[in-house]
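The primary structure of each chain is shown beneath.
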Amino acid sequence: MTEIEEYIREFLDYLRIERGSSGNTLDAYGRDLKAFAEFAAAQGVAVWRDVDRDLAEAFREALFAEGYGASTVKRRISALKSLSRYCTLEGYGKGNVASAVPLPKLTAQLPDVLTIPQVELIMERSDRDDAAGLRDRALLETLYGAGLRASEACGLNMDDLFLEEGFCRVRGKGDKERFAPLSGSAHRALERYFAEGRPHFRNGRGGQDRAVFLNRRGGRLSRQSVHRIVEEAGQMAGIEHLHPHTLRHCCATHLLQGGADLRLIQEILGHSDISTTQIYTHLDREHVRAEYMAAHPRARRRF
């Protein structure tokens, strides 16, 4: 293990122990910093004192040259900046060598959103009577019905569900807790899964029985499995590369189109900043204009 790799391991331990970072955050930092360590090694740099701004900027340019998008480059350089700050505080090397490396600017991209009939078709085509089919339908309905992230759906435990009250308790980014509505189709799909599907996956492995969504071995369903289930459901409906986050975006957009208040959508999705939620106001300008034309007293008036 090189000195750089050793400092990366120390930094990840610091994030886990001192900062209480989630497993997903640690995995992301680990991947991004591993890429830097491999790049540094390829340049003949194995110790931190030999890392300088020129190397950090060369790493940035190499990422672009390899075809990575601006968001990935920004994330990896941000991870390197965090590592550099940590090493500076610990007295390693000669100061924060990455602090002045510019981050790429991101162009605003609107999320992919399906129409309501497309979502209905996905649910219809995924309707199967076997145990896996009942689980997958319940998962899809929950992702869309409550606007959950894939990791949030994986993390749901049985005691997080309050189906009679129509809510579920969600642990989001930074372990922030919120309550999201869970009614209608999602409620019915979950009840059927619990009665006819989930018992086939249980194997009595103690704590794993707490998880709502189980795999065939009785363990907690992984994020990778959620992505696969969603993508396959999209394919059955003729929609390629369907992503769990698309169902989350659909939940927010369809709520907005149905007249839900933006603050309510912010609370359901667990956004800490309303500006994050406001992106959905740009998704359907035609809908906004139609609502305006119907509601404003002088919108249709002619001279």
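Look up: the structure comes first, before these words.
Residues numbered from 1 in each chain as written. Predicted model: local features only at pLDDT ≥ 70, side-chain atom pairs only at ≥ 80, totals over all residues. Heavy atoms only, no water.

Participant: How should I be thinking about helix α3 (residues 53–65) in this particular structure?
Facilitator: Helical periodicity: at 3.6 residues per turn, an α-helix aligns residues three or four positions apart in one direction. Spanning 13 residues, α3 covers 18 Å between terminal C-alpha atoms, matching the ideal 18 Å at 1.5 Å per step. Residues L55, A56, F59, R60, A62 and L63 constitute the buried set of α3. In a view along the axis of α3, the buried residues occupy a sector of 165°, so they form one face of it. Relative to its buried face, α3 has exposed residues pointing more than 90 degrees away, namely D54 and A65. For α3, the secondary structure elements touched by its buried residues are α2 (23–42) and α4 (70–89). Where α3 ends, the next residue or the one after it, G67, has phi of about 95°, a positive value. (Helix = DSSP H or I, 4+ residues; strand = E, 2+ residues; numbered from the N terminus. Expected span 1.5 Å × (residues − 1). Buried < 20%, exposed > 50% of the residue type's maximum accessible area, 1.4 Å probe, protein only. Arc of directions from axis to C-beta. Contact = heavy atoms within 4.5 Å.)

Participant: Sorry, what's going on with the nonpolar core here?
Facilitator: Generally speaking, nonpolar side chains in soluble globular proteins are found buried as a group. Counting residues in each nonpolar core, the largest one holds 44 residues, and the members touching the most others are I122, L139, L143, L182, Y193, F213 and V226. Elements with a contribution of two residues or more to this core: α5 (116–125), α6 (131–146), α7 (150–155), β2 (167–171), α8 (184–197), α9 (223–236) and α10 (244–257). When residues no more than four places from it in sequence are discounted, the contact partners of L182 are T142, A146, L161, L163, G166, F167, C168, H187 and L190. Counting 32 residues, the second largest nonpolar core, distinct from the first, contains I8, F11, F36 and F59. (Core = buried A, V, L, I, M, F, W, Y, C linked by side-chain atoms within 4.5 Å.)

Participant: Sorry if this is basic, but what is going on with the pairing of strand β3 (residues 177–181) here?
Facilitator: On any regular strand, side chains alternate: one points to one face of the sheet, the next to the other face. Burial along β3 is one-sided: R178 and A180 are buried, and none of E177, F179 and P181, which face the opposite way, are. Sheet topology note: the β2/β3 ladder contains five bridges and is antiparallel. Residue pairing across strands places C168 opposite A180, the latter belonging to β3. Between the end of β2 and the start of β3, which pair antiparallel, lie five residues, with G174 showing a positive phi angle near 65°. (Pairing = 2+ DSSP bridges.)

Participant: Looking at this model, I keep getting lost on unusual backbone geometry. Mind explaining?
Facilitator: In most cases, non-glycine residues show a negative phi, while peptide bonds are predominantly trans. Positive phi, close to 55°, is recorded for H241, a residue that is not glycine. Its place among the elements puts H241 in the loop between α9 and α10. Note on H241: relative accessible area 65%, which makes it exposed.

Participant: Can you help me understand the packing of aromatic side chains in this one?
Facilitator: Centre-to-centre distance and the angle between the planes together describe a pair of aromatic rings. A full pass over the atoms with the stated rule returns ten aromatic pairs. Between F162 and F179, the aromatic rings sit 6.1 Å apart at their centres with planes inclined by 45°, giving tilted as the arrangement. Within this pair, whereas F162 is found in strand β1 (residues 161–162), its partner F179 is found in strand β3, the two being separated by 17 residues in sequence. On the basis of relative accessible area, F162 is assigned to the partly exposed category, the value being 28%. When the ring of Y193 is compared with that of F213, the centres are 5.9 Å apart and the planes differ by 20°; the resulting orientation is stacked. With a gap of 20 residues between them, Y193 in helix α8 and F213 in the loop between α8 and α9 connect regions that are remote in the sequence. Classification of F213 as buried rests on a relative accessible area of 1%. Following the ring pairs from residue to residue traces out a cluster consisting of F11, Y14, Y29 and Y86. Directly above the aromatic system of Y68 lies the positively charged group of R76, at a separation of 4.9 Å from the ring centroid. (Phe/Tyr/Trp six-rings, centres within 6.5 Å; stacked < 30°, edge-to-face > 60°. Lys NZ or Arg CZ within 6 Å of the ring centre and 35° of its normal.)

Participant: Can you help me understand the pattern of salt bridges in this one?
Facilitator: A side chain with one charge can pair with a side chain of the opposite charge if their charged atoms come near. Taken as a whole and assessed by the stated rule, the structure comprises 17 salt bridges. D32 is the salt-bridge partner of R76, the closest N and O atoms lying 3.1 Å from each other. Of this pair, R76 sits in helix α4 while D32 sits in helix α2, placing them 44 residues apart in sequence. As far as the burial class goes, R76 and D32 line up, both buried. Put simply, R137 and E141 hold a salt bridge, and the shortest N to O gap is 2.9 Å. Here the residue R137 and the residue E141 both occupy positions in helix α6, the gap between them amounting to four residues, near one helical turn. The buried category is assigned to E141, whose relative accessible area is 6%. By sharing partners, the salt bridges in this structure join D159, D160, R169 and R171 into a single network. (Salt bridge = Lys/Arg side-chain N within 4 Å of Asp/Glu carboxyl O.)

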